[in-house]
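# Structure assessment
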Amino acid sequence: MKYITTIEGKQFLVEIIDDRHVSVDGKVYEVDFESVSGQPVYSLIVDGKSHESYVARGDDNWQVLLRGRLYPITVEDERERRLRAAAGGGVAESGEFILKAPMPGLVVAIPVSEGQEVKKGQVLLILESMKMQNELKAPRDGIVQRIKVKAGESVEQKQTLLNVM
Amino acid sequence: MKYITTIEGKQFLVEIIDDRHVSVDGKVYEVDFESVSGQPVYSLIVDGKSHESYVARGDDNWQVLLRGRLYPITVEDERERRLRAAAGGGVAESGEFILKAPMPGLVVAIPVSEGQEVKKGQVLLILESMKMQNELKAPRDGIVQRIKVKAGESVEQKQTLLNVM
Amino acid sequence: MFNKVLVANRGEIAVRIIRACRELGIETVAVYSEADRQALHVRYADEAYLLGPAPSRESYLRADKIIDIARKSGADAVHPGYGFLAERDDFAAACADAGIAFIGPKPSSIAAMGDKAEARATVIKAGVPVVPGTEDVGNMTNDDLLGIAPSIGFPLLIKATAGGGGKGMREVRSLEEMPTLLQSARREAESAFGDGNVYLEKLVEGARHIEFQIMADTHGNVIHLGERECSLQRRHQKLVEEALSPALNDDLRRRMGEVAVKSAQAVDYVNAGTIEFLLDKDENFYFLEMNTRLQVEHPITEMVTGIDIVKEQIRVARGRVLSYKQADVQFNGHAIECRINAEDPYNNFMPSTGHITHSLLPTGPGVRVDTGVYPGFEITPFYDPMIAKLIVWGETRAQAILRMRRALEEYRIVGVRTNIPFHQVLMDSHRFMGGQYDTRFVEERFSMEDAEEYREKYDEVAAILATLVAHRETERSAQIVNRNERDASNWKWVGRWERMHR
Amino acid sequence: MFNKVLVANRGEIAVRIIRACRELGIETVAVYSEADRQALHVRYADEAYLLGPAPSRESYLRADKIIDIARKSGADAVHPGYGFLAERDDFAAACADAGIAFIGPKPSSIAAMGDKAEARATVIKAGVPVVPGTEDVGNMTNDDLLGIAPSIGFPLLIKATAGGGGKGMREVRSLEEMPTLLQSARREAESAFGDGNVYLEKLVEGARHIEFQIMADTHGNVIHLGERECSLQRRHQKLVEEALSPALNDDLRRRMGEVAVKSAQAVDYVNAGTIEFLLDKDENFYFLEMNTRLQVEHPITEMVTGIDIVKEQIRVARGRVLSYKQADVQFNGHAIECRINAEDPYNNFMPSTGHITHSLLPTGPGVRVDTGVYPGFEITPFYDPMIAKLIVWGETRAQAILRMRRALEEYRIVGVRTNIPFHQVLMDSHRFMGGQYDTRFVEERFSMEDAEEYREKYDEVAAILATLVAHRETERSAQIVNRNERDASNWKWVGRWERMHR
């Protein structure tokens, strides 16, 4: 099975040859790969080098935490890649963005209003949790559509706060 | 629900009144009882006193490890108790005793032979495991019936080694 | 003399205090909120009583209930830990009124140091240097401020009286630019806090945050246990502390220590406390404030002095004479503490909640972990995100850094995001290794991206890992689809499968 | 100078050595058997290579394979740990032949101390006292032995030459009873070992087992790091060690330390080693043997001296001069180690195997845990039952004991039985608290039943616990039966249900 694996623009062609072998860009490695304690913690021995990593699913990628560094990685097989290429490729910087509460908390302030134009990185809402005030920012430019909460309100994790078009 | 709970001959009449109350020999206690991390580790708060215990099933009792001490405990409900009373009660010091390997290991020596009379506490078999020689002893007097293994043999956990009548 | 202590706190510090009591043969009473029934301090204490619902104001801040529980349980002393009720003079007074020993300073000392203006006035009277500036009295006009500015000297800071978080704050380099900056500072303060009042403070450039640990008994003895370097902060939250500070020499330590002792004596201080200073590049130091309680980072002082501060607090509260004189306090080696917070360093340090499913603590020589969590415990949004303190000792600062790196690499916590990667990148940074940092370092000159170069070394390994995990998951979901069944594993394979096939 | 170390061991000691290397910036190579793929030393090392099947002789004892792996991986040094190949002079020599540094003594020193008769002869020549007795040469007749006995003095021991485990051993109080005892000792030895040879040794009554830690460099410097008290043993396995020994005073420590250094010098010793002594009630001490390797219980010496013995081993093996002179070695406080074994103290200390499902380590001030296991790891029957070492430090021996009690109470390991309850009962015993014990204490004068009185205090709580668990299980099995389903939980409810209804 062949995959195109991408770390921030840098591509690797990774082929899973069998249980004990993979190749990266044509170079074959002997691998010994096991999950530890039934957790998403993996022990990988590649040609004798021992690595351990926590691998979690992100929204649209894999997050590999290795030796204190985080690698955001996309893995596509050939079919997925063809499909995406046919669809035009690239993540569109448009469409609706829905801001959801990343954790339960208290809405402290909403420094924007409905219909307001916002820039990427602009603070949309301040949420207090664990005694800290956390600024939730716009991931891209747009216009605030509906604000569904108000300051002083308690919100649950994943509750929709507002949306930006 | 009422239970007769016995710790080495000492009896307690324990009644589970509801989720938060039990009585012991008529005295009512407020209890808060939870298992920790989904393990057989229990946190019990009795009238404000906080206790934590590891509770495991023994062959015919409960083993409660509390503050570094082990309590072997039997718990019977009234029906079980009546049945046992009707059957004559008491654990008979007779019948067949089957010696099984308590762990995988190597049979080092069998200092008894078939047909031999043995006393309670007499060594029946020496099993090596974890670099240690472990003496397996007779739980009561009897006569060795069949020896199913021989010195030098590797055995699995729970494998039958010999029996005593 | 007391024999049963109620610990009016939660988390790692409650566990820390319970341990000290147990090692002294003193019984302990825990209190807990509904969110903390399974917390470690409840499991470890001799007794435990429910306070109320999860929010602090309904549980750990309920002074009345806590005093009731102390009475009911027969606890004859209260240890407040840090945070919550630790610096509330009314709580300390209420304990005294109820005949319960408060393991901390007198209410009058807490009150004196709790009011910023009063604390400043008190220590100035005792001859302690403070950061020059206008007093925080508010209502000064622009003309007043422009008149007083030259006597403070430039550069200086305009700060909002209602301030916080850097809002309404401006750096002023000269008198000429000051009128404009005053306008904009007032405007920002007005919009942020509804209060346009500002005051002036000398800007201490390249300042370090240095604090001295004080111990005082009821017999008039006051000593210090040396300093802690606490400059590594983010949004005024300390992240890493060291003892001793790489910026102090023996002479400066002696001089600052003497001033620290003098500051404590100025409010007739008893028990453990901390004097915070700003230290500039020219070895000028200024009193900032006094924390009238046990400090989060007390373990690093314990590591370099061998003195158990919590046990000593209890001794002093029992009326004993301090076990050590100033000359007995010797410093051995170097200690570092990393605060392990449940927050995501890759997402603006956003707090992270959830069940801890797996945890592997670093152990071995010179490593200490103070924590209140364990596998199976749930991190809730109600309390501080600090879930553990990782503390190491080494014969030298270099050895301590190497040991901290080793310990951070070993530490595994699965189920919530933590700032361990932040600490790992920090420990690798040349500025940290060289001891060259000040209070602005983390916010202004540090970035998780600094690690880019290092990262390339292992990107092939990361690619293999991601691919193997993705491959395994694809295979697993295919199998499950074949069996025409679904299960709700951690693996979210359903979502993935749907994305793949739509 | 070397830069990559192969660790020829497993378990906690392999982890300990990897930590030291990492803190020195040295790369590490782990080796492992098929049973140890998920072991901590494999997870923590920079590289890891499979040795072979689980049994030691097919894996960790395969000197040839280990040297091959060292060559292949570019490791230029080997640390043998303890056990396995640590005291095999042929392995040390093979490393040297392959151009690989052996982190330990010279092969000649290992050989000289490995042969009991040669070791004894060598140290006698250097003026070191040994336990008086006949040499272990075998083939002495009863007449020979009866003739020599009065010169050794009574009481004495008859011991089997092929001996071990107390078989063929007899205490002799007078010459009169000796002929009969010789007969029975020979008979027992013959039946146990097929060899009736015996020898005589003076019986050291109320003896303590005291050992001195030695460090020596290649420049002729030899120092000792004080003693460890190792009298608490069961079946010749140490269970608890203390540093320093409650039985020694400064003068005796100085004298024994000098003899220990002399013993090491007699075999031209380099690197870390341990001299074991028997110490009687009258402060007479006798050389027993030398362990030419790192000792299991080395951490307690590290705790009281502040010296990292493993790092110092590596320094010395790199040809450096010792970092400390004898005068630099100062003792601070008291340390205790409890060996945590996977064995059931309530069932004749029977080894226990299985998956560790849950674990909670004691942490906090003065506590160190050296372990190679973690939740999810399987304890197999192939290796030593020691799964962790719990080490505490206290300012005094009393504080160390209180801290050890606290730490033992906190320690949870679920999935295998451990001897933690043994240690808890021991720490509560008056004999231990008073420091009044010798090598026979555990086997002859200690019982888990000593705790009966203590137990009554909590029997009502235990009764409630058992009843609540039994009740919950009954309810659960009833529910499951209602749903007409079965599952295979840990709870064995099926077995219980069948018993109830048959």
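Everything numeric here is computed off the predicted structure, so don't read it as measured data.

Now for the overall build of chain C. When its secondary structure is counted, chain C shows 18 helices and 22 strands. The C-alpha radius of gyration of chain C comes to 25 Å, within 12% of the 23 Å expected for a compact globule of 502 residues. For the C-alpha atoms alone, the extent of chain C along its principal axes is close to 80 × 65 × 50 Å. When burial is assessed residue by residue, chain C has 61% of its 502 residues classed as buried.

To continue, consider the pattern of salt bridges. In this structure the tally under the stated criterion is 106 salt bridges over all chains. Notably, a salt bridge pairs D32(A) with R37(D), separated by 2.9 Å at the nearest N-O pair. Of the two residues, D32(A) is situated in strand β4 (residues 27-35) and R37(D) in the loop between β2 (27-33) and α2 (40-44); the pairing between them involves two chains. Of the residues examined, D32(A) reaches a relative accessible area of 10% and is grouped as buried. Between R368(C) and D370(C) there is a salt bridge whose closest N-O contact spans 2.9 Å. The exposure class of R368(C) is buried, given its relative accessible area of 4%. For D370(C), a relative accessible area of 1% translates into the label buried. In the salt-bridge network here, residues are joined through shared partners; they are R16(C), R19(C), E23(C), E302(C), D308(C), K311(C), R368(C), D370(C), R403(D), R406(D) and E410(D).

What follows is about the state of the cysteines. Residues and elements named next belong to chain D. Enumeration over the complete set of coordinates arrives at zero disulfides over all chains. Here C95 stays unpaired: no disulfide links it, and the sulfur of C21, its closest cysteine neighbor, is 14 Å away. Here C338 is not cross-linked by a disulfide; its sulfur's nearest cysteine counterpart is in C230, at 13 Å.

Right, let's get into the interface of chain D and chain A. With 13 residues of chain D at the contact, the number on the chain A side is 16 residues. With both sides pooled, the region where chain D packs onto chain A buries about 1100 Å², and carbon together with sulfur makes up 35% of that total. Considering only the side of chain D, the residues that lose the most area to chain A are R37(D), Q38(D) and R43(D), jointly responsible for 54% of the buried surface there. Our count for the contact surface shared by chain D and chain A stands at three salt bridges. In this assembly, chain D and chain A are joined by 10 residue pairs in polar contact (both at pLDDT 80 or more). Only α2 and β3 (47-52) of chain D provide two or more residues apiece to the side of chain D that touches chain A. Tallying contributions element by element places β3(D) first for the side of chain D that touches chain A, with three residues. Class assignment of the residues belonging to the side of chain D that touches chain A gives a composition of seven nonpolar, two polar and four charged.

Take unusual backbone geometry next. Between F154(C) and the following residue, P155(C), the backbone shows a cis peptide bond with an omega angle of -5°. Its location among the elements puts P155(C) in the loop between α7 (142-152) and β6 (156-160). That bond from A243(C) to L244(C) is cis: its omega, -5°, falls within 30 degrees of zero. You will see that D47(A), though not glycine, has its phi angle at about 45°, which is positive. Take D47(A): it is sitting in the loop between β5 (41-46) and β6 (49-57). Classification of D47(A) by relative accessible area gives partly exposed; the value is 41%. With phi around 65°, E283(C) is a residue other than glycine that occupies positive phi space. Mapped onto the fold, E283(C) is located in the loop between β12 (271-279) and β13 (285-291). Note on E283(C): relative accessible area 32%, which makes it partly exposed.

Attention shifts here to α7(C). Residue and element names in this part refer to chain C. For α7, the full list of buried residues reads L145, A149 and I152. Along α7, the residues classed as buried sweep out an arc of 70° about the axis, all on the same side. Opposite its buried face, α7 presents the exposed residues D143, G147 and S151, each directed more than 90 degrees away. On its buried side, α7 packs onto β6, α8 (178-193) and β8 (198-202). Two residues or fewer past α7, G153 is found with a positive phi of approximately 95°.

What follows covers the confidence of the model for chain C. All names here are of chain C. For chain C, the average pLDDT comes to 90, and 93% of its residues sit at 70 or higher. In this model residues 484-502 is a low-confidence stretch, pLDDT under 50, and it forms 32 contacts with partners more than four residues away in sequence or in other chains. Complex prediction metrics read pTM 0.87 and ipTM 0.84.

The next point concerns the interface of chain D and chain B. In many reports, interface size means the accessible area that the parts give up when they come together. With 54 residues of chain D in contact, the opposing surface of chain B contributes 57 residues. For the pair chain D and chain B, the summed buried area comes to about 5400 Å², and 63% of that belongs to carbon and sulfur atoms. Applying the counting criterion to the chain D and chain B interface returns four salt bridges. Among the ionic pairs, D428(D) bridges to R69(B), the shortest N-O distance being 2.8 Å. Between chain D and chain B we count 10 residue pairs in polar contact (both at pLDDT 80 or more) in total. Those elements that place two or more of their residues in the side of chain D that touches chain B are β16 (350-351), β22 (412-414), α13 (420-428), α16 (452-456), α17 (459-482) and α18 (493-501) of chain D. If one sorts the elements of the side of chain D that touches chain B by residue count, α17(D) sits on top with 16 residues.

Bringing the sheet that holds β13(C) into the picture now. All names here are of chain C. Pairing in this open sheet of eight strands is antiparallel, and the strands run β13-β12-β9-β10-β11-β14-β21-β19 from one edge to the other. With one partner strand each, in any of the chains shown, β13 and β19 (367-371) form the two edges of the open sheet. Between one strand axis and the next, the sheet turns by 25° as a mean value, whatever way the strands run. With five bridges connecting them, β19 and strand β21 (residues 386-394) associate as antiparallel partners. When the bridges of β21 are listed, V367 appears paired with V392. Its contacts with the sheet place helix α13 (residues 420-428) against β10 (222-234), β11 (237-243) and β14 (334-341), and it is angled at close to 145° to β14.

Cut-offs applied
- Residues numbered from 1 in each chain as written.
- Chains lettered and ligands numbered in written order.
- Predicted model: local features only at pLDDT ≥ 70, side-chain atom pairs only at ≥ 80, totals over all residues.
- Heavy atoms only, no water.
- Helix = DSSP H or I, 4+ residues; strand = E, 2+ residues; numbered from the N terminus.
- Rg over C-alpha atoms; globule rule 2.2 N^0.38 Å.
- Buried < 20%, exposed > 50% of the residue type's maximum accessible area, 1.4 Å probe, protein only.
- Salt bridge = Lys/Arg side-chain N within 4 Å of Asp/Glu carboxyl O.
- Disulfide = S-S within 2.5 Å.
- Contact = heavy atoms within 4.5 Å.
- Buried area = accessible area lost by both parts, 1.4 Å probe.
- Polar contact = N/O pair within 3.5 Å; in protein donor to acceptor, adjacent residues only side chain to side chain.
- Nonpolar A, V, L, I, M, F, W, Y, C, P; charged D, E, K, R; others polar.
- Arc of directions from axis to C-beta.
- pLDDT = per-residue confidence, 0-100.
- Pairing = 2+ DSSP bridges.
- Axes fitted to C-alpha atoms, helices over the stretch in contact; angles between N-to-C directions.

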